[in-house]
Amino acid sequence: MNRARDVGGATNSVSSRKPGPTDKTLFCAERAPVRFNKWECVVVAGRNLPVDTLRVRPAPSLLTEGAYHGFCPICKAKIVFRSGGDTTDTLAFTLNGKAQTVSKPDPNMSLNEYIRTVAGLKGTKLSCGEGGCGACVVAITSKDPVTGKDVTVPVNSCLRLLIACDGLEITTVEGIGSTRKGLHPVQKTLANFWGSQCGGCSPGMANPKPTKQDVENCLDGNICRCTGYRPILAAFQSFAVDREGACTTDIEDMSNVYHTACNQLPCGKACLETRICEDKPARLKISLRDVTWIEPTNLEDLLEIVEANKSKEYMLVFGNTSTGVFKDQNPSVKIDVSRISELKTISADQDGTLHIGAGVSISQLISFLLKQAPISDSFTALAKHLQKVASTPIRAVASWAGNLMMAHDNPDFPSDIFTIMAGAKSLLNINSKSSGAKSVNLFEFLQMDMKGWVITKLTIPALKQNEHFTTHKKLLTSTPTMVFGGFSPHAVLSSTTAQFLNGKKLTASVIQSACNMLMKEFSPDQPPAAASAAYRQSLLATLFYKSILSSLPSIDPKVASAASPFIRPTSSGKQSYDTDPSLYPVSQPYPKMSAFAQTTGEAKYTDDAFIQTDSLFAAFVHADHGNCILQSIDTSAALQYPGVVDVITADELPITSPLHPDPKENQEPCLVKVGNRILFNGQSFAVVLAATQSIANAAAKLVSATYSDQQPVITSLEEAIETKSFFTNAHVVPLRKGKPINEALAECDTVVKGEISCGSQYHFHMETQTALAFPTDDGGLELHASTQNVTDTQTFASIATGIPASKIKVVMKRAGGSYGGKITRSWFTAAVVSFAANKHNVPVRTALELHSNMRLIGKRFPTDFLHRYNVHRHPWKCEYTIGTLNSRLHAVDMQWYADAGAYVFDSDGAMMQGSTACDAAYFCPNWQVVPTVCQTNTPSNTATRAPGCLPAVFIMETAMDHTAQVLGVDPVSFRYNNIYQEGQVTPTGMTLKYCSLSHLWSQFVDAIGYETRMKDVLAYNKKNMWSKRGLTIAPNKYGLGVGGFYRISAYVLVNGADGTVAVSCGGSEIGQGLDTKLAQVVAQQFGIGLDLVTVHSNISLLHSNSTPTGGSCTSDAVSLAAMDACTQINAVLQPIRDKNPGASWDKIVSLAQAEGLDIGARGWCSRPAPPGGFEYNSYGMVANEVQVDILTGEVQILRTDILFDCGQSLNPAIDIGQVEGGYVMGLGYFLSEEIIYDQPSGRLVTDGTWEYKPPSSKDIPIDLRVDLLKNAPNPVGVLRSKASGEPPTCMASSIVFSIKQAVESSLKDRDLLQSYVVANAPLTPEAVQQLCKVDPSQFIV
């Protein structure tokens, strides 16, 4: 009789087990143990091993206690298992190949929270928390229950529930490579292509695919604010099978990355083909707090569970992606349907009818539709439309059935899947335990009470002969069935118009009548964040017209472009620059020093610090009303919530800002005190402290308040001007130059008057406002903060706690993006965590939720608001009067109105900086700019990349464009005739000693082939009625320099033991490459290799009293400070060099150490303000060629050319990244990013990724070409360089005029161009289409 011995020595007879299982039931795999068997120990090849170290598992059918043995299918090693019985409340999965076991998991805990706080893997980030940014993406591998094959998909870990990970293999960025053990080719290439700047998005970006287009498609769920996407796309395209030239490095299929060999078996292999893991004969049921999680084993089990719980609030969970949109779902029962094999079936009948199980993901549905495309054209159309739904990680795990249930339960949810499937005449199969199965159409489904019912299948018919099917975003038509979505709470079926079309020949007059009928048949509703009713009603007609054109066999060539969608080519780019070998390593294109740590997830940010067991987490409580008195606060419910420790109010923390107030200024409180006025919806009046961040966030919503003296909120500039809501104490002064403006205007032969407005922009740093404080043993604090302003952060912490600043050490290593948002606004989080840590004597941290960050923190100054009914409000408004004399600018008079928000705070800096850019790049002898700062009931706005300058440049460019039209001259020629020449003086009084604009203009126009391309644009516009192109060029001038603002230090320490150099500076690394440039400068000053230099954190102990990081020139300033320190050290070393000619660097420093010399120094940079405010100007040129869909307003940027002056760049690759990233951020400001406030509540509506739209990888120029000006050293710059961070953002204003040119071409064709077209920013598709004045009477065929 064979016997098996476990580690403890007990034995069980093999013959005592129940008959059935044989050696074939054993399998080899890297999965964790099956959850319902507790395998206590194993014996492999005669060795006793704990089961968690082995990737060989028994089959799930082994349920009884006893010992079982078998052999590895590959190496035949003998394997013995001992079973300890069922465990139905424990999860088992693997994380980066390591077994994880979680007993009684919290049903509400996300996978992201587990990865970061329990497993301690900080590479996976948390940014938006709603599946919209991609920072949290991980890979999940499971076995498809239908095909039996392994499937690896990207998943948003912020949405995936931990409890839904049983039996899965999860791989984070740490699991594929590291700087210590070796980088994966994807990580290495992303860094080497300069695809990581701040690094906040980098861990979620690894995404190799077989073709270039696949690469672009799969980045649709990833946001990058820094790079402008071009280098990221280039990095991943280098792996594509259709790339040009040789691949930069070999790459394995990513699926292999997630499988590691079994290191405990003699063969060392992973026997994947014999693994069984999805057969689950036992039900998982876990209850914790008020939530019960149930995992059915099959469809019958599911129906029984639903029937038993239909009187409760329950939710069927597949991918849990709905929580990204509807965040306040609180069902008492969650039922996991993701593993039920009966719901995952896909089949096709002989007649082409498709049957899709409810457990099929959207991605799987797309693949199957494309596979069946030869059967029916409708399948291709459906698949193409489904590819526009959500993002790749969402589609990979979200089911189509879940999407339909979202539409069923939430009338405001615009389900494209419902619309297109209804139009395709699809049917739903639904089932219930008590009522059986039945089939319904989608409109019947909407009317049903789905309590107790489960969607089981979707049936999609194929097209019949002579039928035509097309879809558009928000609309589908298939005559005579027409379904429209996005116009009312649910998709609607046309009856009147469909009946009208029945049997009609589709002539122009019939189509025009049908369009008019449609617009009468449906009246769009107006949800707060939706496009205007006027725009969506127009789309009813235009998209219907497009669909009809695509179905007609013959149409007028002039309208052919409207019949088929624009197919965006794969993005491409070109970059050129020169270097100076005499300056190396300065001017060499090194990758960022931290790029490799960022792409592997090893780079640590503020919230990545180790969490001590006694730590507390803070969350802000926000007011639900604005412009009212805070009457009372009720914290009782929050304090009773498990895990909550404290609720802090203004009674304890009365700190206000700014630091050195003018008695007349309105002070902004960190927390509003009871009895005081809350000025805006979202302002904070309390902070919750709890055991975890998720508990604190949840409990913050339980704090309630009462309000009194509710007054109307002002959320628009027009309201502020009308009510004279002005800050009379704002520190802004008019700018005047030359003659009195009225006198100068009287001398002009042409005077042009106009108005222009532009909007706001959220910073969208991937890392929100974050801070961590912990007490020190000397009665002080150590404060780690994501900030651009270490000095003020230290001061605020001191004021909040009463601890002397000398006992507070602020540490800033890196930020996951800032863009100005962490100069003054980081004081909220720093003050709160410092106070709380001091009060409770434990570490306290906070990382604001995206919604909290957007509601509390101001945005680009000024701000663009939209009212509930989408009446545009653009609170940076300019009324301008332009006078010319002989077609030359002679007088400019501007009245600026800007919205500071609720408090005056940063208004003076932004407005005064804007006045320095009021001239853009054009000379005029006489100026007057009068700024007025307005107060609204919105968060205090703050610095954002190129603060004040971005709208100022756009305003002046608009004035130039308007004046050219009035004069009847070409806008490009008018701009050229008025650009600055060397020796002229700016409105701020700066004499332009070095001005190369004329030379740049001529060089640029020739280089881009402007004349030829302009002819091609005109020819294209002549041939096309509904698609128009525009091509414009514009110059750029941007004042820069260290003098007058920067006071900053750098510390350089040479280690005598090995010659390595440690550097620290008072500047913050926020993604701009400051650390890398600094290291290059230090290495160059000492004549050593860059590998010998390490840049450490910005620490207040060394760099207190330094100015904030911002204004593009901090890298210059810290480089100057470091050069000062290096000069001191070199002076110390010079006598030793003289005595030891030819000695190596390490020999020199070791001799210095032996002599007891100080080979460390602190350098300082401080320069007086130069005349005119700036030491030098950055110059550049930009050209944009666009294509505009006149019927929808959609814009494609076909090509962008940028010529940018960086002097002799300190690092041209980093500077090109700054140019591209800054430019694309500017594109977002001018094209897609809207801030919308609801009336009358004043609540921010666009407070997340589903409502707020920064550019994605497919919004950038299709062809982006950037040249750094060659042979152009800057005589007054640091090592002859120029800064690059903010000027390119201003260059993006030129995109508006290319679009406007296309719009004007369309209006002119239709005899509608009667006056100057005012193009307020942002030019969203809605704004563009409404400018085009499309009417069905113009539709031809």
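Residues numbered from 1 in each chain as written. Predicted model: local features only at pLDDT ≥ 70, side-chain atom pairs only at ≥ 80, totals over all residues. Heavy atoms only, no water.

Trainee: Quick rundown of the sheet that holds strand 48 (residues 1047-1054)? Include the residues and the values.
Mentor: In sheet architecture, strand pairing relies on hydrogen bonds along the backbone and comes in two forms, parallel and antiparallel. Sheet architecture is open: 4 strands sit in the order 50-49-48-52, paired in mixed fashion. Unpaired on one side and paired on the other, strand 50 (1093-1095) and strand 52 (1160-1166) mark the two borders of the sheet. The sheet shows a mean angle of 20 degrees between the axes of neighbouring strands, taken without regard to direction. Of the strand pairs in this sheet, strand 48 and strand 49 (residues 1061-1065) are connected by 5 bridges, and their pairing is antiparallel. (Pairing = 2+ DSSP bridges. Helix = DSSP H or I, 4+ residues; strand = E, 2+ residues; numbered from the N terminus. Axes fitted to C-alpha atoms, helices over the stretch in contact; angles between N-to-C directions.)

Trainee: So what about the sheet that holds strand 45 (residues 888-901)? Which residues, and what values?
Mentor: The mixed open sheet is built from 5 strands, whose spatial order is 36-46-45-44-37. The open sheet terminates on both sides in strands that have one partner only, identified here as strand 36 (735-737) and strand 37 (750-758). Taken over all neighbouring pairs, the strand axes of this sheet differ in orientation by 10 degrees on average, direction set aside. The sheet contact formed by strand 37 and strand 44 (residues 876-885) spans 9 bridges and is antiparallel. Across the sheet, Ser757 pairs through a bridge with Lys877, a residue of strand 44. This element, helix 25 (residues 949-967), spans strand 37, strand 44, strand 45 and strand 46 (927-935) of the sheet and lies at about 140 degrees to strand 37. (Contact = heavy atoms within 4.5 Å.)

Trainee: Which residues make up unusual backbone geometry, and what values do they have?
Mentor: Omega for the peptide link from Gln1239 to Pro1240 comes to 10 degrees, which places this bond in the cis form. By the element assignment, Pro1240 lies in the loop between strand 55 (1235-1236) and strand 56 (1263-1268). The omega torsion across Ala1321 and Pro1322 is 10 degrees, close enough to zero to call that bond cis. Within the fold, Pro1322 resides in the loop between helix 35 (1294-1309) and helix 36 (1325-1331). In this model, Asn841 sits at a positive phi of 60 degrees, which is unusual for a non-glycine residue. Checked against the element boundaries, Asn841 lands in the loop between helix 22 (827-840) and strand 41 (844-847). The residue Asn886 is not glycine, and still its phi comes out positive at about 60 degrees. Checked against the element boundaries, Asn886 lands in the loop between strand 44 and strand 45.

Trainee: Break down the pairing of strand 41 for me, with residues and values.
Mentor: Looking down a regular strand, the side chains alternate between one sheet face and the other. Neither face of strand 41 is open: one carries Val844 and Thr846, the other Arg845 and Ala847, and all of them are buried. Sheet topology places strand 38 (residues 770-775) next to strand 41; 4 bridges connect them, and they run antiparallel. Following the sheet pairing, Thr770 is matched in strand 41 by Ala847. (Buried < 20%, exposed > 50% of the residue type's maximum accessible area, 1.4 Å probe, protein only.)

Trainee: Residue-level account of helix 18 (residues 693-700), with values.
Mentor: The buried fraction of helix 18 amounts to 6 of the 8 residues, a majority that puts the element mostly inside the structure. If you check which residues of helix 18 are buried, you get Gln693, Ile695, Ala696, Asn697, Ala699 and Ala700. Buried residues along helix 18 sit in contact with strand 28 (616-622), helix 17 (636-640), strand 30 (644-649), strand 34 (684-690) and strand 41.

Trainee: An account of the pattern of salt bridges is requested, with residue identities and associated values reported.
Mentor: Under the defined criterion, the tally for this structure stands at 38 salt bridges. One salt bridge in this structure joins Arg395 and Asp220, with 2.9 Å as the shortest N-O distance. In this pair, Arg395 is assigned in helix 9 (residues 392-397) and Asp220 in the loop between helix 3 (212-218) and helix 4 (230-237), connecting sequence segments 175 residues apart. Judged by its relative accessible area of 7%, Arg395 falls in the buried class. Judged by its relative accessible area of 27%, Asp220 is partly exposed. With a shortest N-O distance of 2.7 Å, Glu957 and Arg975 are connected by a salt bridge. Here Glu957, found in helix 25, pairs with Arg975, found in helix 26 (residues 971-978); they are 18 residues apart in sequence, far enough to count as distant. You'll find Glu957 and Arg975 in the same group, each marked buried. In this structure, a network of salt bridges that share partners links the residues Arg116, Lys125, Asp607, Asp608 and Arg845. (Salt bridge = Lys/Arg side-chain N within 4 Å of Asp/Glu carboxyl O.)

Trainee: Just give me the short version of the nonpolar core, but keep the residues and values in it.
Mentor: By size, the foremost hydrophobic cluster in this structure holds 212 residues, and its most contacted members are Trp896, Trp1026, Val1052, Val1061, Val1082 and Phe1086. The element best represented in this core is helix 31 (residues 1114-1139), accounting for 11 residues. Ignoring anything within four residues of it in the chain, the contact list for Val1052 reads Val1061, Ala1062, Val1063, Val1082, Phe1086, Ala1122, Ala1125, Cys1126, Ile1129, Ile1159, Gly1160 and Ala1161. Counting 59 residues, the second largest nonpolar core, distinct from the first, contains Tyr314, Ile362, Leu404 and Met450. (Core = buried A, V, L, I, M, F, W, Y, C linked by side-chain atoms within 4.5 Å.)

Trainee: Any details on the side chain of Lys125? Residues and values, ideally.
Mentor: Mapped onto the secondary structure, Lys125 falls in the loop between helix 1 (111-118) and strand 11 (137-143). For Lys125, a relative accessible area of 8% corresponds to the buried category. A polar contact of 2.7 Å, which involves the side chain of Lys125, links it to the backbone oxygen of Lys122. Apart from the residues lying within four places of it in its own chain, the contact partners of Lys125 are Asn112, Arg116, Ala135, Cys136, Gly200, Pro203, Ala603, Tyr605 and Asp608. (Polar contact = N/O pair within 3.5 Å; in protein donor to acceptor, adjacent residues only side chain to side chain.)

Trainee: Hey, could you go over the packing of helix 21 (residues 790-801) against helix 22 for me, with residue numbers and the actual values?
Mentor: For the pair helix 21 and helix 22, the least separation of the axes is 8 Å and the interaxial angle reads 40 degrees. Classified by the angle between their axes, helix 21 and helix 22 sit oblique to one another. Both helix 21 and helix 22 take part in a crossing whose hand is right-handed. Residues Thr793, Phe796, Ala797, Ala800 and Thr801 of helix 21 form the contact with helix 22, whose participating residues are Trp827, Ala830, Ala831, Ser834, Phe835 and Asn838. Partitioning the contact of helix 21 with helix 22 into residue classes produces 7 nonpolar, 4 polar and no charged. (Parallel < 35°, antiparallel > 145°, perpendicular 65-115°, else oblique. Left-handed = near helix turned anticlockwise from the far one by under 90°. Nonpolar A, V, L, I, M, F, W, Y, C, P; charged D, E, K, R; others polar.)

Trainee: I'd like a rundown of helix 32 (residues 1145-1154), residues and numbers included.
Mentor: All of the buried residues in helix 32 are Trp1145, Ile1148, Val1149 and Ala1152. Buried positions in helix 32, seen along its axis, are confined to an arc of 90 degrees and lie on one side of it. Where the residues of helix 32 are buried, they touch strand 48, strand 49, helix 29 (1074-1086) and helix 31. Immediately beyond the C-terminal end of helix 32, within one or two residues, lies Gly1156, with a positive phi of roughly 75 degrees. (Arc of directions from axis to C-beta.)

Trainee: Now, about the confidence of the model for the protein: what can you tell me, with residues and values included?
Mentor: Taken over all residues, the pLDDT of the protein has a mean of 89, while the share at 70 or more is 87%. Considering only residues more than four positions removed or in separate chains, one finds that residues 81-87, a stretch of pLDDT under 50, has 40 contacts. (pLDDT = per-residue confidence, 0-100.)

Trainee: Now, about the state of the cysteines: what can you tell me, with residues and values included?
Mentor: On inspection of all chains with the given rule, the structure shows 0 disulfides. Among the cysteines around Cys924, which has no disulfide bond, Cys748 carries the closest sulfur, lying 7.7 Å off. Note on Cys1165: no disulfide assigned, nearest cysteine sulfur contributed by Cys1113 at a separation of 10.0 Å. (Disulfide = S-S within 2.5 Å.)

Trainee: Hey, could you go over the packing of aromatic side chains for me, with residue numbers and the actual values?
Mentor: Working definition: an aromatic ring pair is given by the centre-to-centre distance plus the angle between the planes. With the rule as written, the count across this model stands at 21 aromatic pairs. With 5.5 Å between their ring centres and 70 degrees between their planes, Phe93 and Tyr114 make a pair best called edge-to-face. With Phe93 in strand 9 (residues 90-95) and Tyr114 in helix 1, this pair connects stretches of sequence that are 21 residues apart. In this structure Phe93 comes out as buried when scored by relative accessible area, which is 0%. Aromatic pair Tyr762 and Tyr1252: ring centres 6.1 Å apart, planes at 85 degrees, arrangement edge-to-face. (Phe/Tyr/Trp six-rings, centres within 6.5 Å; stacked < 30°, edge-to-face > 60°.)

Trainee: Please set out the environment of Gly1073 residue by residue, giving values where relevant.
Mentor: Within the secondary structure layout, Gly1073 lies in the loop between strand 49 and helix 29. A relative accessible area of 0% places Gly1073 in the buried class. Separated by 479 residues in sequence, Gly1073 and Ser594 place their C-alpha atoms 9.0 Å apart.

Trainee: Kindly report on the packing of helix 8 (residues 377-386) against helix 11 (residues 416-423), identifying the contributing residues and their values.
Mentor: One way to put it is that helix 8 packs onto helix 11 with a least axis distance of 10 Å and a crossing angle of 175 degrees. Taken as axis vectors, helix 8 and helix 11 run roughly antiparallel relative to one another. When helix 8 is examined against helix 11, the residues Leu382, His385 and Leu386 are found in contact with a partner set consisting of Asp416, Ile417, Ile420 and Met421. Split by residue class, the contact of helix 8 with helix 11 holds 5 nonpolar, 1 polar and 1 charged.

Trainee: Provide a residue-level description of the pairing of strand 19 (residues 354-357), including the pertinent values.
Mentor: Burial along strand 19 is two-sided: Leu354 and Ile356 facing one way and His355 and Gly357 facing the other are all buried. Pairing analysis gives 3 bridges linking strand 18 (residues 346-348) to strand 19, with the strands arranged antiparallel. From the neighbouring strand, Ser347 faces strand 19, where its bridge partner is His355. A loop of 5 residues connects strand 18 with strand 19, the two strands running antiparallel in sequence, and Gly352 in this loop sits at a positive phi of about 95 degrees. In the sheet, strand 19 pairs with strand 22 (residues 454-460) via 4 bridges, with the strands oriented antiparallel. Among the inter-strand pairings, Ile356 is bridged to a residue of strand 22, identified as Leu458.

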